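Close look at the chain arrangement
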Amino acid sequence: MTTFRRRGRIDRSRLTHRRTEPTQAEWADALGDGVDYEVEELHPPKPRLRSKGIYLLPNAFTTAALFSGFFAIVNAMNHQFEIAAIAIFASLVLDGMDGRVARMTNTQSAFGEQYDSLADMVSFGVAPALVAYEWALKDLGKWGWLAAFTYCAGAALRLARFNVNTGVVDKKFFQGLPSPAAGSLIAGFIWLADDNKIPVRDTAIPWITFLIAVYAGLTMVSNARFYSGKALDVRYRVPFGVMVLLILTFVLISSNPPLTLFGLFVVYSISGYVIWAWEHLSGKRFS
């Protein structure tokens, strides 16, 4: 807003030239009608704009997750499908760390949320779809790229709905299968089949990949609730049984990584429908 200041100029011609200093009454008389006013425009100083920085630590993890997704695409183009699958799992670990690091260090920001969502679209939307297409879906012709697009579109819709409903839904549960779990489901099957550790004929693998891609894409946009794990705070104590279960999980993963990881994400991908069926049959809300 522009402000103005009125400044008076004294008409000294009305004061008689005399040796003695004019009295107060003479000054008042001279200032009465002989004051000429000027209007001076004032420009208030503009506040300095603070440069908006970003938090380095959580966004560094997000960048690493984005790189892993991009690295998976590059290796799929070079027909290194096992490395591509492992890269998607690495992106899963890094994506899970950036949010927790931001909450633990109190460095959450709107920029970080949007950046994480865009990185997830590459790592768990585009990357699994392209890796699956290059690996087996392209053998099905148009059905192959339709399955890959169904998965990719489902991931985009899932992330968009998550951004809109962040402050509405229950934080203990995801609405629809989260995109990292969907991408890991595809990556786990590719890793398992590429190692020849699954008793399936080669002619059936493209169609199984087709079914997994379509199932994951549609489940991401479903209303089934999947446990988020956000209620588990690593800063507080947990029961001793949780530590034993965690140790057993690490042992199983290290003994046979592709089989264990694929099995875990298969169980998780159907857990939402199990919860949905239990709620409809019992009439109670699962919490």
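Residues numbered from 1 in each chain as written. Predicted model: local features only at pLDDT ≥ 70, side-chain atom pairs only at ≥ 80, totals over all residues. Heavy atoms only, no water.

Here is the rule we go by: UniProt positions are given in the numbering used here, feature names are shortened, and annotations may be inferred rather than shown by experiment.
The protein carries the name CDP-diacylglycerol--serine O-phosphatidyltransferase in an unreviewed UniProt entry, which gives Polynucleobacter wuianus as its organism. In the Catalytic activity (unreviewed entry) part of its UniProt record, the protein is described as follows: "a CDP-1,2-diacyl-sn-glycerol + L-serine = a 1,2-diacyl-sn-glycero-3-phospho-L-serine + CMP + H(+)". Under the UniProt heading Subcellular location (unreviewed entry), the entry covering the protein gives this text: "Endomembrane system".

**Some thoughts on the packing of aromatic side chains**
Short version of the rule: Aromatic pairing here means that ring centres of Phe, Tyr or Trp (its six-membered ring) are within 6.5 Å. Orientation follows from the plane angle: under 30 degrees is stacked, over 60 is edge-to-face, and everything else is tilted. Helix numbering and strand numbering both begin at the N terminus, where a helix is a DSSP run of H or I of at least 4 residues and a strand a DSSP run of E of at least 2.
Considering all chains together, one arrives at twelve aromatic pairs under this definition. Aromatic pair Phe173 and Tyr227: ring centres 6.1 Å apart, planes at 75 degrees, arrangement edge-to-face. A residue pair is termed long-range when its members are at least 10 positions apart, and Phe173 in strand E3 (residues 173–175) and Tyr227 in strand E4 (residues 225–227) qualify at 54 residues. Ring plane angle 50 degrees and centroid distance 6.1 Å describe the contact between Tyr215 and Tyr273, whose orientation is recorded as tilted. Taken as a pair, Tyr215 in helix H7 (residues 205–220) and Tyr273 in helix H9 (residues 257–282) lie far apart in primary sequence, 58 residues in all.

**Things to note about the pattern of salt bridges**
As a reminder, the rule being used: Each salt bridge in this description consists of a side-chain nitrogen of Lys or Arg and a carboxyl oxygen of Asp or Glu lying within 4 Å of one another. Relative accessibility under 20% of the residue-type maximum defines a buried residue, over 50% an exposed one, and the middle range a partly exposed one, all with a 1.4 Å probe and only protein chains included.
Following the criterion strictly, the structure yields two salt bridges and no others. A salt bridge links Lys138 to Glu134, with the shortest nitrogen-to-oxygen separation between them at 3.6 Å. Of the residues examined, Lys138 reaches a relative accessible area of 37% and is grouped as partly exposed. Arg225 is the partner of Glu279 in a salt bridge, and the nearest nitrogen-oxygen pair spans 2.5 Å. Residue Glu279 is located in helix H9, and its partner Arg225 is located in strand E4; the two are separated by 54 residues in the primary sequence.

**Regarding the packing of helix H6 (residues 179–194) against H7**
Basically, it comes down to this: To obtain each axis, a line is fitted to C-alpha atoms, and for helices this fit is confined to the stretch in contact; angles are then taken between N-to-C directions over 0 to 180 degrees. Angles below 35 degrees are treated as roughly parallel, those above 145 as roughly antiparallel, those between 65 and 115 as roughly perpendicular, and all remaining angles as oblique. Contacts between residues were defined by any pair of non-hydrogen atoms, one from each residue, lying within 4.5 Å. The classification used treats Ala, Val, Leu, Ile, Met, Phe, Trp, Tyr, Cys and Pro as nonpolar, Asp, Glu, Lys and Arg as charged, and all other residues, Gly among them, as polar.
One way to put it is that H6 packs onto H7 with a least axis distance of 9 Å and a crossing angle of 170 degrees. Comparing the axis directions of H6 and H7 gives the class roughly antiparallel. Residues Ser179, Ala182, Leu185, Ile186, Phe189 and Ala193 of H6 lie in contact with H7, whose contacting residues are Ile205, Ile208, Thr209, Ile212, Ala213, Tyr215, Ala216 and Met220. Taken together, the residues of the contact of H6 with H7 break down into twelve nonpolar, two polar and no charged.

**Let's talk about the nonpolar core**
What counts is decided by this rule: By nonpolar core is meant a set of buried Ala, Val, Leu, Ile, Met, Phe, Trp, Tyr and Cys residues that side-chain atoms within 4.5 Å join together.
By size, the foremost hydrophobic cluster in this structure holds 45 residues, and its most contacted members are Val131, Trp135, Leu137, Tyr151, Ile186 and Ile190. The set of elements that each furnish at least two residues to this core consists of helix H2 (56–77), helix H3 (81–104), helix H4 (110–135), helix H5 (142–164), H6, H7 and H9. Of the residues forming this core, the biggest block, ten residues, is contributed by H6. The residues touching Val131, leaving out its near neighbours within four places in the chain, are Ala72, Ala76, Phe81, Ala84, Ile88 and Ile190.

**Structural notes on the side chain of Arg158**
Operational definition: Under this rule, positive means Lys or Arg and negative means Asp or Glu; His and the chain ends count for nothing.
If you trace the backbone, Arg158 turns up in helix H5. No salt bridge forms around the buried Arg158; measuring N to O, its nearest opposite-charge neighbour Asp120 is 8.4 Å away. Those residues in contact with Arg158, other than ones at most four positions away along the chain, are Phe174, Gln175, Gly176, Leu177, Pro178, Ser179, Met220 and Val221.

**Observations concerning the UniProt feature "transmembrane region" (unreviewed entry) in the protein**
Within this numbering scheme, the UniProt entry marks residues 54–74, 143–161, 173–192, 204–224, 236–253 and 259–278 as carrying the feature "transmembrane region" (unreviewed entry). In this annotation, residues 143–161 is assigned 100% helix and 0% strand; the end-to-end C-alpha distance for the span is 27 Å. Secondary structure content for residues 259–278 is 100% helix and 0% strand, while the C-alpha to C-alpha distance between its ends is 28 Å.

**Describing H2**
As a reminder of what qualifies: Here, expected helix span is obtained from the residue count minus one, scaled by 1.5 Å.
Helix length check: H2, at 22 residues, gives a terminal C-alpha distance of 31 Å against a target of 32 Å (1.5 Å per residue), a fit within 8%. Those residues of H2 not exposed but buried are Pro58, Asn59, Phe61, Thr62, Ala65, Ser68, Gly69, Ala72, Ile73, Asn75 and Ala76. The positive-phi residue at the C-terminal boundary of H2 is His79, with phi of around 60 degrees.

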